[in-house]
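So you can see what is in the structure, the chains are spelled out below.
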Number of protein chains: 2
Amino acid sequence: MKKNILIIGAGGVAQVVAHKCAQHNDILGSISIASRSIEKCQAIAQSVIDKKAFKVAAEIACYQLDALNIDATKKIIQDTQSQIVINVGSSFLNMSVLQACIETGVAYLDTAIHEEPHKICETPPWYNNYEWKRREACRQNHVTAILGVGFDPGVVNAYAAVAVNDCLDQTDSLDIIDINAGSHGRYFATNFDPEINFREFTGQVWSWQNSQWTSNQMFEVKRTDDLPVVGLQTSYMTGHDEIHSLSQNLNVPNIRFWMGFGDHYINVFTILKNLGLLSEQPVTTAEGLEVVPLKVVKAVLPDPSSLAPDYCGKTCIGTLAKGRKDGKEQDVFIYNVADHKEAYQEVGSQGISYTAGVPPVAAAILVAQGIWDVEKMVNVEELDPKPFLNLLNRMGLPNRIRDENGDRALVF
Amino acid sequence: MKKNILIIGAGGVAQVVAHKCAQHNDILGSISIASRSIEKCQAIAQSVIDKKAFKVAAEIACYQLDALNIDATKKIIQDTQSQIVINVGSSFLNMSVLQACIETGVAYLDTAIHEEPHKICETPPWYNNYEWKRREACRQNHVTAILGVGFDPGVVNAYAAVAVNDCLDQTDSLDIIDINAGSHGRYFATNFDPEINFREFTGQVWSWQNSQWTSNQMFEVKRTDDLPVVGLQTSYMTGHDEIHSLSQNLNVPNIRFWMGFGDHYINVFTILKNLGLLSEQPVTTAEGLEVVPLKVVKAVLPDPSSLAPDYCGKTCIGTLAKGRKDGKEQDVFIYNVADHKEAYQEVGSQGISYTAGVPPVAAAILVAQGIWDVEKMVNVEELDPKPFLNLLNRMGLPNRIRDENGDRALVF
């Protein structure tokens, strides 16, 4: 039985994580939060108090931390007696936070793949370049490390495992479809850290097709689906974390990720990219200042967490599996629909942050309860999906399934 | 008889100025060039040699100079015994270069209004805020200062003076129309310094209408004209230097400036502006670096001088005057058509730089010859336009007039 949570990061997802941890602090124990900006931590701690989120009376301890500093991170883990670290800071921090967890023997959860500042869209499988190099270290130190346990990656990996193992005899393709049919009312904004968001789209698009890595350009391949609640939606093939693990862990020849974009988003993105403003490589101004254009774009765009109060509409994210069951072709779509306004009312964040922030808390509960405390490094599809999805059903992210038998709640 | 030219700046316009000075160095004497980057000066000096531009055997002396440093500028003026300074550096330099000229008693020519880094689209008449405050100092020191003697402002001011004084009995409106119907073949580029270029369009658009200052937004008001050579063209009301002087010096109730933009330019501009990337005000990145977004946009865009080799097509820039002559309504359009490829072949620059760079050299010749050596500060419309326009006819910028009598060369 592990307990006491240290949250790393203080953005919109961290806010959801903090609220959900507070709602379950009878199981999770003490909650601490650390980020580069202690003011952001304090604002989250205050918001948890304001919403009366604690199940058992408590407060959240706040720390200033440069999480690239492994020793500083270890010290906070030890000072707070945290046994589970939920890393929802920038993707640049993963390897140093993971190392701090390995050295202190505590559980590590994150929601996105590690990135290096000057590299994008890395050679597949990307996990091989970073996290998976620590598999043996985790095993030796009995460290539970659950990688990519947000919504996508995360819940969609669990959906994929259910589809492959329970719904189909043979799976030909897994298409993960991520549609945000909500509206934030701003001229332009990204739903999470613009820097990490754009970096997903500025390089090549990796997909797993015919059991081989395939490279495309962004916005080169699109599809249109008639989806539950959000209706007819166009999405574009995009490189994404889960392709890099599902392709290695499930025996499925075609695995692709699709993200919905409106024409305005594509126009803005295309112009910024073509001008070179989304580059992760530094340029030098006429005055001799060296600066990464993408970081300036991030600085002028709205803080994603500021979008929450005005956000309305719904998201629909799911895994579409195609294959054969009992000798005939079968399509299975397992999905969740989340509502931006409901998320804001509950935890003060918009729906994208909500879908990303609830799953790592569910995973932390399963680790605390010993159910997912596997003492090794895993991706979500390697774990039993049923307790996880059942818990999400009760934590605000209900799962549904649509197949030849209709559209219904998915409960185990 | 003044002689010896010091060119300040080493961009695309400075390249044209250097070539044209060299072609007339029998009158102008020695030529020196100074800019922040001595390498750029040396490249220009070499290009003048390569094109065999000197009329009388000579070479161009190059200097590294921060022209915001008045003493450093004075020293180069004195060391080179320059009596005429042609300032085609950044618009931020005007007041310090002008001051150096006043203190050394030499003639000063520029092609654009003074700007301060953190201000844009200033209160009209803009010249009142900077250059015109030095009128008395120029008069006392017998300093000839000719402001805005590029093409627009500059030649179009001379066209306005001709229209008002020679063509019409009463002028109701002056519309300066600037169309670049050329193509540089790049995804996006500005034809001169992107920073100065965008700053013209990101604030309010000042125009002089019904003898009052009127403010509009960029791209709010447009017109379509059937113009000589370039045909049907749409242009947008834009704030521009010449409005600020013509409104004060000519008794015309409506004076407006119109610039042609393609849909792609407007799309890119609108997105960059709406995102805040064209702001002249600094922002702070997540890492704490303070940076002016517009300077980063400048850093990622093509250097305007790099466009020259591939530029094709023509420009058409002119002054359309409407009013009465002998009791009846009359439209007069006085204009020039320039060709990008011809400009490149002659001086290694594209047509926009060519139209901006030839006029200050013509003005320098008139100062050197005593014809325009007026020993005070003036805008171009205050000078006799005829020797200037006649000289331009022979220097590669032929002037034409289109009115009820047809379309013909304008020669005095």
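Residues numbered from 1 in each chain as written. Chains lettered and ligands numbered in written order. Predicted model: local features only at pLDDT ≥ 70, side-chain atom pairs only at ≥ 80, totals over all residues. Heavy atoms only, no water.

- As named in an unreviewed UniProt entry, chain A is Saccharopine dehydrogenase, taken from Chelonobacter oris.

## Some points on the packing of helix H1 (residues 12–23) of chain A against helix H3 (residues 38–50) of chain A
All names here are of chain A.
Link 1 in the chain: The N-to-C vectors of H1 and H3 enclose an angle of 40 degrees; their axes lie 10 Å apart at closest approach. Between H1 and H3, the angle is such that the two are oblique. The two elements H1 and H3 cross, and the hand of that crossing is right-handed. For the pair H1 and H3, contact is made by Ala14, Gln15, Ala18, His19 and Ala22 and by Ile44, Ser47 and Val48, respectively. (Axes fitted to C-alpha atoms, helices over the stretch in contact; angles between N-to-C directions. Helix = DSSP H or I, 4+ residues; strand = E, 2+ residues; numbered from the N terminus. Parallel < 35°, antiparallel > 145°, perpendicular 65-115°, else oblique. Left-handed = near helix turned anticlockwise from the far one by under 90°. Contact = heavy atoms within 4.5 Å.)

## Side note on the interface of chain B and chain A
Link 1 in the chain: Each partner contributes residues to the interface: chain B has 29 residues there, and chain A has 29 residues.
Link 2 in the chain: With both chains or domains summed, chain B and chain A bury close to 2400 Å², and 74% of this area falls on carbon and sulfur atoms.
Link 3 in the chain: Taken as a group, Tyr187, Ile271 and Leu275 of chain B account for 24% of the area that chain B buries against chain A, more than any other trio of residues on that side.
Link 4 in the chain: Joining chain B to chain A, the criterion identifies two salt bridges. (Buried area = accessible area lost by both parts, 1.4 Å probe. Salt bridge = Lys/Arg side-chain N within 4 Å of Asp/Glu carboxyl O.)

## Quick notes on the UniProt feature "domain: Saccharopine dehydrogenase-like C-terminal" (unreviewed entry) in chain A
Link 1 in the chain: According to UniProt, the positions carrying the feature "domain: Saccharopine dehydrogenase-like C-terminal" (unreviewed entry) are residues 150–397 of chain A.
Link 2 in the chain: Each end of residues 150–397 of chain A is marked by a C-alpha atom, and these two atoms are 12 Å apart; helix forms 35% of the span and strand 29%. (UniProt positions renumbered as here; feature names shortened; annotations may be inferred.)

## Overview of the nonpolar core
Link 1 in the chain: Ranked by internal contacts, the top residues of the largest apolar core, which has 224 residues, are Phe388 of chain A together with Phe388 of chain B.
Link 2 in the chain: With sequence-adjacent residues up to four places away left out, phenylalanine 388 of chain B is seen in contact with Val149, Val155, Ala158, Pro359, Ala362, Ala363, Leu366, Trp372 and Val380 of chain B. (Core = buried A, V, L, I, M, F, W, Y, C linked by side-chain atoms within 4.5 Å. Buried < 20%, exposed > 50% of the residue type's maximum accessible area, 1.4 Å probe, protein only.)

## Observations concerning the sheet that holds strand E3 (residues 61–64) of chain B
Residues and elements named next belong to chain B.
Link 1 in the chain: The strand order E3-E2-E1-E4-E5-E6-E17 describes an open sheet built from seven strands, whose pairing is parallel. Of all strands in the sheet, those bounded by a partner on one side alone are E3 and strand E17 (377–379). On average, adjacent strands in this sheet sit at an angle of 20 degrees to one another, irrespective of strand direction.
Link 2 in the chain: In this structure, strand E1 (residues 5–8) lies alongside strand E4 (residues 84–87), joined through four bridges in parallel fashion. If you follow leucine 6 over to E4, its bridge partner there is valine 85.
Link 3 in the chain: Along the sheet, helix H3 (residues 38–50) contacts strand E2 (31–35) and E3; its crossing angle with E3, the most-contacted strand, is approximately 165 degrees.
Link 4 in the chain: Along the sheet, helix H4 (residues 70–79) contacts E1, E2, E3 and E4; its crossing angle with E1, the most-contacted strand, is approximately 150 degrees. (Pairing = 2+ DSSP bridges.)

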